[in-house]
Amino acid sequence: MILTLGIYFWKFEKSPHTSREIVFIAIICALAVVGRIIFAAIPAVKPELFILILGAIVSGPETGFLMGTIIALTSNMYFGQGAWTPWQMFALG
């Protein structure tokens, strides 16, 4: 799993991206993390998945995988990191 995450991060870093793509990724990730924080008190409501799915449809599977990993990592900075964080990163990716 760690190898898969590393390969995708390395592949993304080596490919050329415009500043528009990077800003789009940052906005989608920020919206998803804020959505998860706002709706955390309501069980079974996961707006970050909806935002992630739409972002992945627009940007493609590789960038969608990257956005999923970033969303899991940054939202867990608010909810708490743990042994489950790499698994969440992989699952959202």
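For every chain, the first residue of the written sequence is number 1, and numbering continues from 1 along that sequence. In view of the model being predicted, local features appear only for residues whose pLDDT reaches at least 70, and side-chain atom pairs are presented and counted only at 80 or more, with totals across whole chains, interfaces and linings using the full set of residues. In computing side-chain properties, one takes all heavy atoms of the structure into account and sets aside hydrogens as well as water.

**Focus: the pattern of salt bridges**
- By convention in these notes, a salt bridge is any Lys or Arg side-chain nitrogen within 4 Å of a carboxyl oxygen on Asp or Glu. Summed over all chains, the structure comprises one salt bridge.
- A salt bridge links Lys11 to Glu62, with the nearest nitrogen and oxygen atoms 3.0 Å apart. Remark: Glu62 occurs in helix α4 (residues 61–79) and Lys11 occurs in helix α1 (residues 2–14); sequence separation between them is 51 residues.
- Residue class for Glu62 comes out partly exposed when judged on its relative accessible area of 40%. Helical segments are the DSSP runs of H or I of at least four residues, strand segments are the runs of E of at least two, and each set is numbered from the N terminus. Any residue under 20% of the maximum accessible area for its type is buried, any over 50% is exposed, and the rest in between are partly exposed; the area is computed with a 1.4 Å probe on protein chains only.

**Observations concerning the environment of Thr85**
- In this structure, Thr85 sits in helix α5 (residues 85–92).
- Thr85 gets classed as buried once you look at its relative accessible area, which sits at 4%.
- Between the C-alpha atom of Thr85 and that of Ala32, which follows or precedes it by 53 residues, the distance is 16 Å.
- Apart from residues lying up to four places away in sequence, Thr85 is in contact with Leu73 and Asn76. Two residues qualify as a contact provided that any one of their heavy atoms is within 4.5 Å of a heavy atom in the partner residue.

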